Structure formats: C-alpha cells, structure tokens
Amino acid sequence: MKQLGNLAIVCAKRPEVLMQIHGGIVTVHVGCGPERASLHTAWDDDAGVSRIVHELNFGKYREMKTKMVQVGTVCERKEVAA
C-alpha cells in the first residue's frame, strides 16, 4: 500500500496517463485510442504497484519528450527518451 502514493504522483505528472482505483484493483491507462495500454494490479500489492511505477518511469511506457531536429532543410518534431 505504500507504493500507491508513488504511483499517484507519477500518474499526476503525465497528462496521457489515467489512474483508476475500483473494486480493490488499481488500473493505469497509458495513451489514447487504439494505442492505449492498460496495466493493473491489486491496490494493496506493493510489488505489483512498484512494477507499474517502474514501467512508467523506465520501461515501455516511460515519458517521451519531443525536440526539433533538422532533416535536410526542414525541421521536424521527433520524440526522444526523457
């Protein structure tokens, strides 16, 4: 249960992430539309919640930042790891 607060802070900092707690399950939705992913575990499972926090911070769902990159004579916005 200690890790639930950490997960809430991570989710609150990212507008593309939605955290829900219902029926003893915490679910985190990342992204939108057909690309949306959902991660879930019991709300009182610290190990499971820690895995979700790790995925959001360092794993497949880590926050991506964009920067302008010159491609030939045109500047394009590209995603780079945060």
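Look a little higher up for the structure.
Residues numbered from 1 in each chain as written. Predicted model: local features only at pLDDT ≥ 70, side-chain atom pairs only at ≥ 80, totals over all residues. Heavy atoms only, no water.

Trainee: Help me get a handle on the overall build of the protein, residues and values and all.
Mentor: Scanning the protein from N- to C-terminus turns up two helices and five strands. Its helices and strands taken in sequence order, the protein reads α-β-β-β-α-β-β from the N to the C terminus. Sorting the 82 residues of the protein into buried and exposed places 26% on the buried side. Summarising the internal contacts of the protein: among those between residues at least 6 apart in sequence, 23% fall at separations of at least 24. When the accessible surface of the protein is totalled, it reaches about 5700 Å², and 56% of it is carbon and sulfur. (Helix = DSSP H or I, 4+ residues; strand = E, 2+ residues; numbered from the N terminus. Buried < 20%, exposed > 50% of the residue type's maximum accessible area, 1.4 Å probe, protein only. Contact = heavy atoms within 4.5 Å. Areas by Shrake-Rupley, 256 points an atom, 1.4 Å probe, with all protein chains shown as cover.)

Trainee: Give a detailed account of the sheet that holds strand 1 (residues 17–22), specifying residues and quantitative values.
Mentor: With respect to topology, three strands assemble into an open sheet ordered 1-2-3, the strand pairing being antiparallel. Because the sheet does not close on itself, it has two edges, and the strands there are strand 1 and strand 3 (37–42). Sheet twist, expressed as the average angle between the axes of neighbouring strands with direction ignored, equals 15°. Pairing of strand 2 (residues 25–30) with strand 3, which is carried by six bridges, proceeds in the antiparallel orientation. Each bridged residue has a counterpart across the sheet, and for Val26 the counterpart in strand 3 is Thr41. The strands touched by helix 1 (residues 3–12) are strand 1 and strand 2; relative to strand 1, the strand with the most contacts, the crossing angle is about 145°. (Pairing = 2+ DSSP bridges. Axes fitted to C-alpha atoms, helices over the stretch in contact; angles between N-to-C directions.)

Trainee: Account for the side chain of Arg14, with residues named and values stated.
Mentor: If you trace the backbone, Arg14 turns up in the loop between helix 1 and strand 1. Here Glu16 takes part through its side chain, which lies 2.8 Å from a polar atom of the side chain of Arg14. Setting aside chain neighbours within four positions, we find Arg14 in contact with Val30, Leu56, Tyr61, Arg62 and Glu63. (Polar contact = N/O pair within 3.5 Å; in protein donor to acceptor, adjacent residues only side chain to side chain.)

Trainee: Quick rundown of the environment of Glu55? Include the residues and the values.
Mentor: Along the chain, Glu55 turns up in helix 2 (residues 46–57). Taking the C-alpha atoms as reference points, Glu55 and Leu39, 16 residues apart in sequence, are found 9.4 Å from one another. For Glu55, the contacting residues outside a window of four places in its chain are Lys60, Tyr61 and Arg62.

Trainee: Go over the environment of Thr27 with me, naming the residues and quoting the values.
Mentor: Turning to its location among the elements, Thr27 is positioned in strand 2. With 13 residues separating them along the chain, Thr27 and His40 place their C-alpha atoms 4.3 Å apart. Beyond its immediate stretch of four places on either side in the chain, Thr27 contacts Leu18, Met19, Gln20, Ser38, Leu39 and His40.

Trainee: An account of helix 2 is needed here, citing residue identities and associated values.
Mentor: Between the first and last C-alpha of helix 2 there are 16 Å, a value that for 12 residues agrees with the 16 Å anticipated at 1.5 Å per step. Considered for burial, the residues of helix 2 that qualify are Gly48, Val49, Ile52, Val53 and Leu56. The buried residues of helix 2 occupy an angular sector of 140° when projected down its axis, which confines them to one face. On the buried face of helix 2, the contacting elements are helix 1, strand 2 and strand 3. (Expected span 1.5 Å × (residues − 1). Arc of directions from axis to C-beta.)

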